[in-house]
Amino acid sequence: VRRNPHESEFHQAVKEIVESLVPVFAKHPHYMKHGILERIVEPERVITFRVPWVDDQGKVQVNRGFRVQFNSAIGPYKGGLRFHPSVSASIIKFLGFEQIFKNSLTGQPIGGGKGGSDFDPKGKSDGEVMRFTQSFMTELYRYIGPDVDVPAGDIGVGAREIGYMFGQYKRIRSGNEAGVLTGKSIVYGGSLTRTEATGYGCVYFVAEMLKSIGWSFAESTVVVSGSGNVSIYAIEKAQQFGAKVVACSDSNGYIYDPNGIKLETVKRLKEIERKRISEYVNEHPGSVYTEGCTGIWSIPCDIALPCATQNEIDDESAKLLVANGVKAIGEGANMPSTLEAIDVFLQNGVQFGPAKAANAGGVAVSALEMAQNSMRYSWTFHEVDDKLHHIMKDIYRNSVKAAEEYGYSGNLVVGANIAGFLKVADAMILQGVV
Ligand code: NDP
């Protein structure tokens, strides 16, 4: 706290992990001797830069860009770029820190990083988004590369933004280094299944948790927050598995459709027309829109998939979910549950899939995109989906095993943190004090 004042999100993320690692340090004191804890909470490099651009009125705008290169012990830095007005050093550091362990869990050779800007793409024209992203990349290009640091998308950064950034990188660097960014469109080096990967992966993970209590998605009622990239594909896979998804949201409010959400409408409104989720009710009589986000957790469900943003479930919402009989939570978003909310779930026997395990499918397929770019080859949708499914099952198994081994049976928060940590810590020791 003294070294990183005013970084509450970063403190929250570090606290969660460090508390989980207490039994690891007790069992393996040599990690202390090697200063692993002190080193792992300090990013290898933090880059902050000015992003000037000209809006449609000819006025100069200035945003702030960030890239945190947190840990490269097991591979090139890897993690998304977030464009949202709330972006700050604290947010990027919390995301970058979590990314280290998540990336390790995937079993792929990728280190941890994250970046972004306080730029708000909402309400901006295509031209403005392009000028901003080109300016952003004109500075960022110095620090990234297919074997150095490979950014991807996150909130506010989708295929359009990745495309503009890739175009600008290529223009500056001359030569087509496809592996410098992931989340690319399929027509110039992207991977099939990347768009779907985080949402699908989250559902694959939750399906494994449900198996352990003899339950399944089929016939379950599901609530999914958000209506962005992760949410849409979590809804799609949950529906394919036979669930009835009754609610989703955006940053203004949520919709409840007792007949089950019609995903084609959500996709059209959010992916193509870039409209508000409130418009859904105009097309589906019987559905209801409610202003404000947290009320979505008062809807009774068997499975809740928070897929919007950090700290969207507090202890009050968690208690409501428990009172309404929720059986499983799968965190599609990063850190959507507060520490207090997680305690409520764990103390009440709810199956809880923490973000760094449950949403690791996105970055796992990003690593598969890098592999395809290196091979100059593309796998089919089915091949990538199959690999994703196996990876999510492995993450579940490894997290369960680590939790058991260290005396926290059934606690996947601890299990995922430990399983992700061990590999990175061992790699750091093998590479000396760097
Ligand atoms: P998108 O920008 O595509 O979607 C975010 C969704 O959440 C939008 O519907 C947005 O609404 C909504 N939202 C944003 N803020 C709030 C809020 N305060 N309350 C309620 N809803 C809100 O982002 P992604 O789907 O890509 O990312 C969602 C989460 O998943 C993030 O935490 C991200 O870090 C995490 N994640 C994403 C991965 C990926 O592959 N995309 C990989 C791993 C994690 P609106 O339309 O109004 O903006």
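The notes below deal with the structure included here. If you're wondering where the values come from, they're calculated on a predicted model, not measured in any experiment. (Residues numbered from 1 in each chain as written. Predicted model: local features only at pLDDT ≥ 70, side-chain atom pairs only at ≥ 80, totals over all residues.)

In this structure, Phe205, Val206 and Ala234 are the most contacted members of the largest nonpolar core, which totals 129 residues. Two domains each donate at least three residues to this core, and these are domain 1 (43-177) and domain 2 (196-358). What Phe205 contacts, discounting residues up to four positions off in sequence, is Gly330, Gly353, Ala357, Ala358, Met392, Ile395 and Tyr396. (Core = buried A, V, L, I, M, F, W, Y, C linked by C-beta atoms within 7 Å. Buried ≥ 20, exposed ≤ 12 C-beta atoms within 10 Å, placed from the backbone. Domains from an automatic or database assignment. Contact = placed C-beta atoms within 7 Å.)

Here five strands make up an open sheet; going across it, the order is 1-2-4-3-5 and the pairing mixed. With partners counted over all chains shown, the strands left at the sheet margins are strand 1 (45-54) and strand 5 (149-152), one partner each. Neighbouring strand axes in the sheet, compared pairwise and without regard to direction, differ in orientation by 20° on average. Relative to strand 1, helix 6 (residues 126-140) is tilted by about 145°, and along the sheet it contacts strand 1, strand 2 (60-71) and strand 4 (111-117). (Pairing = 2+ DSSP bridges. Helix = DSSP H or I, 4+ residues; strand = E, 2+ residues; numbered from the N terminus. Axes fitted to C-alpha atoms, helices over the stretch in contact; angles between N-to-C directions.)

Let us now look at the sheet that holds strand 7 (residues 244-249). Across the sheet, which stays open at both edges, the seven strands sit in the order 9-8-7-6-10-11-12 with mixed pairing between neighbours. Each edge of the open sheet is held by one strand with a lone partner, namely strand 9 (288-291) and strand 12 (351-353). Shown here is a sheet whose adjacent strand axes are inclined to one another by a mean of 15°, direction ignored. Here two bridges tie strand 10 (residues 303-306) to strand 11 (residues 328-330), and the two strands are oriented parallel to one another.

Next up on the list: the packing of helix 9 (residues 229-240) against helix 10 (residues 263-272). Between helix 9 and helix 10, the shortest axis-to-axis distance is 11 Å and the interhelical angle comes to 165°. Regarding the angle of helix 9 to helix 10, the classification is roughly antiparallel. Helix-helix and strand crossings are classified by hand; for helix 9 and helix 10 the assignment is left-handed. Of helix 10, the residues touching helix 9 (which contributes Ile232, Ile235, Glu236 and Gln239) are Leu263, Val266, Lys267 and Lys270. (Parallel < 35°, antiparallel > 145°, perpendicular 65-115°, else oblique. Left-handed = near helix turned anticlockwise from the far one by under 90°.)

All right, on to the site of the ligand then. As a matter of local geometry, the ligand sits amid 26 residues, with Gly226, Gly228, Ser251, Ala308 and Gly362 nearest to it. For the shell around the ligand, the residue count by class is six nonpolar, 17 polar and three charged. (Near = placed C-beta within 6 Å. Nonpolar A, V, L, I, M, F, W, Y, C, P; charged D, E, K, R; others polar.)

For a regular strand, side chains alternate in direction, first toward one face of the sheet and then toward the other. Of all five residues in strand 6 (residues 221-225), five are buried; the element is thus mostly enclosed. Residues Thr221, Val223 and Ser225 of strand 6 are buried on one face, and the alternating residues Val222 and Val224, pointing to the opposite face, are buried as well. Pairing geometry for strand 6 and strand 7, over three bridges, is parallel. Bridge assignment links Val222 to a residue of strand 7, and that residue is Val245. One crossover worth recording links strand 6 to the parallel strand 7 by way of helix 9, and it is right-handed. As paired elements, strand 6 and strand 10 share four bridges and run parallel to each other. Within strand 10, the residue paired with Ser225 across the bridge is Pro306. (Right-handed = clockwise from strand over helix to strand, strands pointing away.)

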